[in-house]
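Here is what each chain is made of, one letter per residue.
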Amino acid sequence: MFSSSPIIAGLDIGTSKICAVIGELTDQGGLNIIGLGQCRSRGVRKGEIVNPSAAAEDIRNAIVEAEQTADAEVRSVYLGVTGAHMRGFNNRGFHPVPSDDREITEEDVQDAIRNAKAINLSSENRVVHLIRQHFLIDGQEGISNPVGMFGARVEVDVHVVHGNFNRLQNSIRAVRGLQLDVEDIVFSGLASALALLTNQQKEMGSLVIDLGSGSTEYVVYADGIIKHTGVLAVGGDHVSNDLAYGLKIPLGRAEQVKIDHGSALCDESCQGQTLKLSNEFGVAEKTVNLEHLRRIMSLRLEEIFELIAQELDTAGMLTYLREGIFLCGGGARIPGIERLAAQVFGLPVAIGSATCVSGLKSALNQPEFATAIGLARYGSFQARKRHSEKNSIGTHFKKTLSQMFGR
Amino acid sequence: MNTSANPRLTVKLIGVGGAGGNIIQQLQATDLAALPSMIADTNPRALDQWTHPVKVLLGEGRTRGLGSGGDPELGRQAAEDACAAIAEFCKDADLIFVVTGLGGGTGCGAAPVIARIAREANCLALCLATLPFEFEGARRRDQARTGLRDLRLASDAVICLPNQRMTAIFDQNTPVVDAFKLANNLLAQGVRGIWQMLTRPGLVNVDFAYLYSVVRGKNAESAFASAEAFGELRARDVVEKLIGSPLLEEGQLLTQSTDLLVSLVGGADMTIADVNKVMEQLQRRAEHSNIIMGAAIDEAFEGRLCLTVIAARQVSEPAVGIPQPRGTRPATASKTDEFETNFFEAPAPTRGSSRYVAPAPETTPEAAADFLQRQSGRPRKAGAKPKQQTLNLEIVSKGRFEKSEPTIHRGEDLDVPTYVRRGVALN
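Parameters at a glance
Residues numbered from 1 in each chain as written. Chains lettered and ligands numbered in written order. Predicted model: local features only at pLDDT ≥ 70, side-chain atom pairs only at ≥ 80, totals over all residues. Helix = DSSP H or I, 4+ residues; strand = E, 2+ residues; numbered from the N terminus. Buried ≥ 20, exposed ≤ 12 C-beta atoms within 10 Å, placed from the backbone. Contact = placed C-beta atoms within 7 Å. Pairing = 2+ DSSP bridges. Axes fitted to C-alpha atoms, helices over the stretch in contact; angles between N-to-C directions. Expected span 1.5 Å × (residues − 1). Arc of directions from axis to C-beta. Nonpolar A, V, L, I, M, F, W, Y, C, P; charged D, E, K, R; others polar. pLDDT = per-residue confidence, 0-100.

1. Regarding the overall build of chain B
Along chain B, the regular secondary structure elements total 16 helices and 13 strands. The proportion of buried residues among the 427 residues of chain B is 41%. Restricting the contact set of chain B to residue pairs at least 6 apart, pairs at least 24 apart contribute 76%.

So, in structure tokens, the structure goes:
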């Protein structure tokens, strides 16, 4: 029956391409990727929709392709959102335990969380994620579940991701316009991290950098919880734009040159070399200096990493990253990008692959599908949560899940 | 320092309620201390904490030593009781600033009465009011709204500062005390700016009549901001700073304004090029508004440039009780399409020669005014769209990001290629 193996779709509306992933829940509770669709994106800039009609058409194409490969019909999607307007920060809520015996009950915990939710956001901003980190009882840190413990004061740390309501609505509207339901919106960086990181990596401390074409998202996991999230509205598009400006070639050509000859590092080997660019008829028309090309690219990419490193340094996050850095997104395909990141951060760097899900092998180890796969994975958590709620068994399981996401 | 460089103008300040008192107290530390000022509050304990010499306790018998308790009616009655003292203070003043924070009982209740008394004493009453933060709750917000309406009716002009707009300035960790202090500071700056504008001997004079014509009847949407800059490029920087101010919603209010009062104060070294540069930039931002400018010289401003702007936006509901005679805004009316204005202007005053007059007179005058406003609003909005950004001296095309929101990180525009910003030469 259709309902017995529900399908879960993740939709990532990216700046250069739109990617849809369809997964199904396995009996063991895992996720199996059965369908994949992608389409060139034309209506998106810096991660946000600027041309709704073009974006809607592209979304439809991506979904249709995914439906065909999966042989299933998508009714609702988990939608990835990003953009310069999104911010993450940590907040703390506390609650004094009123009962005489000072035993902490579920209600006390809920009250503490409610207090943590009372964030002074300006009216146009909405909370996208409120993720429980850990509890403190009378100042004692590192408690994961305080129910049943004793104390006078429960505090809870949460990580809040928020964004501009109207701008979030833009992408939701585009999807709803195609008669598709949006189950939930998920911050793209968070989705990528879910796809790439194993529990051990989350525990040890990892940084996931999603080098998209319109924006770069980064998420820090440590001790199994989300410590830090952020977006930088700079990405591969900027690299192409820099090349077009610096080498004085059209943007489309710059894009192609970046893919064919680009590198994140500018070493001696390219010194003095030139590239002959030919037009669509195969006639050579322009010569560009390979060294210039790589220098422009490497400066831009280095700057992206530096900005992230600065931000994480001020937040005191760099010491947590014992497992290292994982790159995904189209930018992870740039040759030498790991070495550049390793130079900037001084940490081990690897290209991430979706290890926690099974299914289409062609999709799983491609860094640019990480966000969409992560969205489906997020969906699978939600579906299982709902499932266990419906059967009213496994309340403990439910609790751990809701603890992970606090939603 | 000479309090009023313009000898014919006597300016006095009245702070009403807690916020008003705090602002007056803060002004004591500045050169405005020389202006005669007064604090009026219903709360005797609050009055005690201010060291200001002239204080009036409102409603002594009514409040039984307490404040107004957020009740505007009590605040109103209390102010009526103290009518004589206030009238005495207002005597032989030309311009009275009534400074208050709306939302509480004294601000909402007493301030309109005091403004009225000031007007009855033949002064011009100019009110500066803060509106409460959103977190102060719906009741205070509603009360503030009513208070603002009363204030508009009672005074000649109202300039208000919604505190909420300032949340953009604060970061997450701003203490509440600082938030209110900053709000008061801004209002104090506003008082200063306006006072300077009106009293400094100017190269180009602005008098109260101008101010009056700008803020009257459109007060709900009046906003002010001021900025100061030093150094070589001060003429450019000062406008940039002003436009960056959240009080103008990043310059949006400038674009939307219908009237703009600009005051520029500089040292003796202020050149005509400076004035020109500032005005040119402002005009570009606010190409659809009626700009009135003043420029003044003050020795203390040697090497500095201080710019104060009051922007008024036509609101959809015309202020109740203040008649809006035809032709109050000739500048904007003449800018609208010939046809549109004729449509409404023609029928009422002179029933022309034609028998086939458009059926406009059927609507009430208010509705017609409202409609006309909306009509004149539309082309302005459309015109405001292709807003020209400030041009850098070194023009770097941003390529495909030309039209998208710039990515600014610590003052750097990340859309500009990194190698250009870092000055790496490609040879």
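2. Observations regarding the sheet that holds strand β12 (residues 206–211) of chain A
Residue and element names in this part refer to chain A. Strand order in the open sheet formed by 5 strands is β14-β13-β12-β17-β18, and the pairing between neighbours is mixed. Each end of this open sheet is capped by a strand with a single partner; those strands are β14 (225–232) and β18 (349–351). Averaged over all pairs of adjacent strands, the angle between their axes in this sheet comes to 20 degrees, without regard to strand direction. Alignment of strand β17 (residues 324–328) against β18, held across 3 bridges, turns out to be parallel. When the bridges of β18 are listed, phenylalanine 326 appears paired with alanine 350.

3. Observations regarding helix α12 (residues 272–285) of chain B
Residues and elements named next belong to chain B. Between its first and last C-alpha atoms α12 spans 20 Å; for 14 residues at 1.5 Å apiece the expected length is 20 Å, and the two agree. Val278, Leu282 and Arg285 are the residues of α12 that are buried. Angular distribution of buried residues about the axis of α12 spans 55 degrees; they occupy a single face of the element. Exposed and oriented more than 90 degrees from the buried face of α12 are Ile272, Ala273, Asn276 and Glu280. Residues of α12 that are buried in the fold lie against α10 (234–244), α11 (252–256), β9 (259–266), β10 (290–297) and β11 (304–312).

4. Some points on the interface of chain B and chain A
Contacts between the two partners involve 20 residues from chain B, matched on the other side by 25 residues from chain A. Grouping the constituent residues of the side of chain B that touches chain A by class yields 7 nonpolar, 8 polar and 5 charged.

5. Focus on unusual backbone geometry
Residues and elements named next belong to chain A. Although it is not a glycine, aspartate 71 adopts a positive phi angle of roughly 55 degrees. In the Ramachandran plot, lysine 248 falls in the positive-phi region, its phi being about 55 degrees despite a non-glycine side chain. C-beta crowding within 10 Å serves as the criterion here: with 10 such atoms nearby, lysine 248 is assigned to the exposed category.

6. Thoughts on the confidence of the model for chain A
Confidence in the prediction of chain A, expressed as mean pLDDT, is 87, and 94% of residues score 70 or more. Segment residues 393–407 of chain A is flagged for pLDDT under 50; beyond a separation of four residues in sequence, or across chains, it makes 19 contacts in the model.

7. Considering the environment of B:Arg313
All names here are of chain B. The residue arginine 313 is located in the loop between β11 and α13 (330–335) in this model. Owing to 18 C-beta atoms within 10 Å, arginine 313 belongs among the partly exposed residues under this scheme. C-alpha separation for the pair arginine 313 and serine 222, spaced 91 residues apart in sequence, amounts to 6.3 Å.

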